[in-house]
Amino acid sequence: MLRLYTQNVDGIDTRLEPLATAIPLEEKGPWPKTIQLHGGLDKMVCSKCGELSDFKADLFEGTETPPCSACEGMDMAREACGKRSHGIGRLRPRMVLYNEYNPDQDAIGAVTMADLKTRPDAVIVVGTSLKIPGVKRMASEMCKVARGRKDGFTAWINNCDEPSGPEFQDCWDLVVKGDSDEVARHAAIP
């Protein structure tokens, strides 16, 4: 397996050692096996200073968004010197919501381009509706490259119908409409 591109944010896949990822994602390789397209819940980030830290669920138990301790420290130091406050940022999970800026977008673009250049011989798309434009484009481009090889193979595995549109014309060698866990069980994949 060359790469797992995932839209999952729960981090279940990246907790498996062979599928570990890097946060933030570096723009230059070598890249990890798993690329999180929308971030994940393993890290949290400050909305003001960008401080990255491990996710701590207990900080998010109340109704208030937790303050950033790095910003609080900087603010206290400023006030001790007689300077005005610059404000304190709030922590949030480091994941990308729809139409938000992705801090890893340049790195994701770089790894995707590098993977396309390797001319993958198989692309398996599982469990996504391909509604997000960037993911839709990436899957379409990867499939075209794989299908352009004499020995290339592409598969669509999903509960919903395969995506339509000109970019998905003659895209799949195999279409399996069904639950991905059930498909894996029938294929005897753990």
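Structure: above.
For every chain, the first residue of the written sequence is number 1, and numbering continues from 1 onward in sequence order. Per-residue local features are limited, in this predicted model, to residues with pLDDT of at least 70; the limit for side-chain atom pairs, both in listing and counting, is 80 or more; totals at the level of whole chains, interfaces and linings are taken over all residues. Only heavy atoms go into the side-chain values, all of them from the structure, while hydrogens and water stay out.

A look at the environment of Asn158
- Here Asn158 lies in strand β7 (residues 153–158).
- The spacing of Asn158 and Gly178 is 20 residues in sequence and 5.4 Å in space, taken between C-alpha atoms. Helix and strand definitions here come from DSSP, where helices need a minimum of 4 consecutive H or I residues and strands a minimum of 2 consecutive E residues; each element is numbered from the N-terminal end.

Points about the state of the cysteines
- Our working definition of a disulfide is a cysteine sulfur pair at a distance within 2.5 Å. In the structure shown here, the tally under the stated rule is zero disulfides.
- Cysteine Cys143 shares no disulfide, and the gap to the nearest cysteine sulfur, in Cys171, comes to 3.8 Å.
- Cys171 supplies the cysteine sulfur nearest to Cys160, a cysteine that is in no disulfide, at a spacing of 14 Å.

Some thoughts on the pairing of strand β6 (residues 122–126)
- Because side chains alternate across β6, one face comprises the buried residues Val123 and Val125, and the other comprises Ala122, Ile124 and Val126, none of which is buried.
- As defined by bridge partners, β6 adjoins β7 across five bridges and the pair is classed as parallel. The residue of β7 that forms the bridge with Val123 is Thr154.
- For a crossover, the right-handed case is the one in which the path from the first strand over the helix to the second runs clockwise, viewed with the strands pointing away from the viewer. In this region the chain leaves β6, passes through helix α3 (residues 133–147) and returns to the parallel neighbour β7; the handedness of that crossover is right-handed. Three exposure classes are used, based on accessible area relative to the maximum for each residue type with a 1.4 Å probe and protein chains only: buried under 20%, partly exposed in between, and exposed over 50%. Strand pairing is assigned whenever DSSP detects at least two bridges linking the two strands.

Structural notes on the sheet that holds strand β3 (residues 39–46)
- Across the sheet, three strands lie side by side as β4-β3-β5; this open sheet has antiparallel pairing. A strand with exactly one partner marks an edge of an open sheet, and here the two such strands are β4 (52–54) and β5 (91–95). In this sheet, adjacent strand axes meet at a mean angle of 45 degrees when their direction is disregarded.
- With three bridges connecting them, β3 and β4 associate as antiparallel partners. From the neighbouring strand, Lys43 faces β4, where its bridge partner is Asp54. Helix axes use the C-alpha atoms of the stretch in contact, all axes being lines fitted to C-alpha atoms, and the angles between their N-to-C directions lie in the range 0 to 180 degrees.

Some details on the sheet that holds β6
- Read across the open sheet, the three strands follow the order β6-β7-β8; overall the sheet is parallel. Single-partner strands in this sheet number two, and they are β6 and β8 (174–177). The mean inter-strand angle of the sheet, taken between neighbouring strand axes irrespective of direction, is 10 degrees.
- Note: β7 against β8, four bridges, orientation parallel. For Ile157, the partnering residue across the bridge sits in β8 and is Val176.
- The contact definition used throughout considers only heavy atoms, calling two residues in contact when any of these lie within 4.5 Å. Docked against the sheet, α3 engages β6 and β7, running at close to 145 degrees with respect to β6.

Some remarks on the packing of aromatic side chains
- Two aromatic rings, drawn from Phe, Tyr or Trp (for Trp, its six-membered ring), form a pair once their centres lie within 6.5 Å of each other, and the interplanar angle then sorts them: stacked below 30 degrees, edge-to-face above 60, tilted otherwise. Counted under the stated rule, the structure contains three aromatic pairs.
- Of the aromatic side chains, those joined through ring pairs into one cluster are Trp156, Phe168 and Trp172.

Examining helix α2 (residues 105–117)
- With 13 residues, α2 should reach 18 Å at 1.5 Å per residue; the first-to-last C-alpha distance of 18 Å fits that figure.
- Turning to α2, its buried residues number three or more, namely Ala107, Ile108, Val111, Thr112, Asp115 and Leu116.
- Contacts from the buried residues of α2 go to β1 (4–6), β2 (34–36) and α3.
- Positive phi appears at Arg119, one or two residues downstream of α2, with a value of about 55 degrees. The span one expects for a helix is its residue count, reduced by one, times 1.5 Å.

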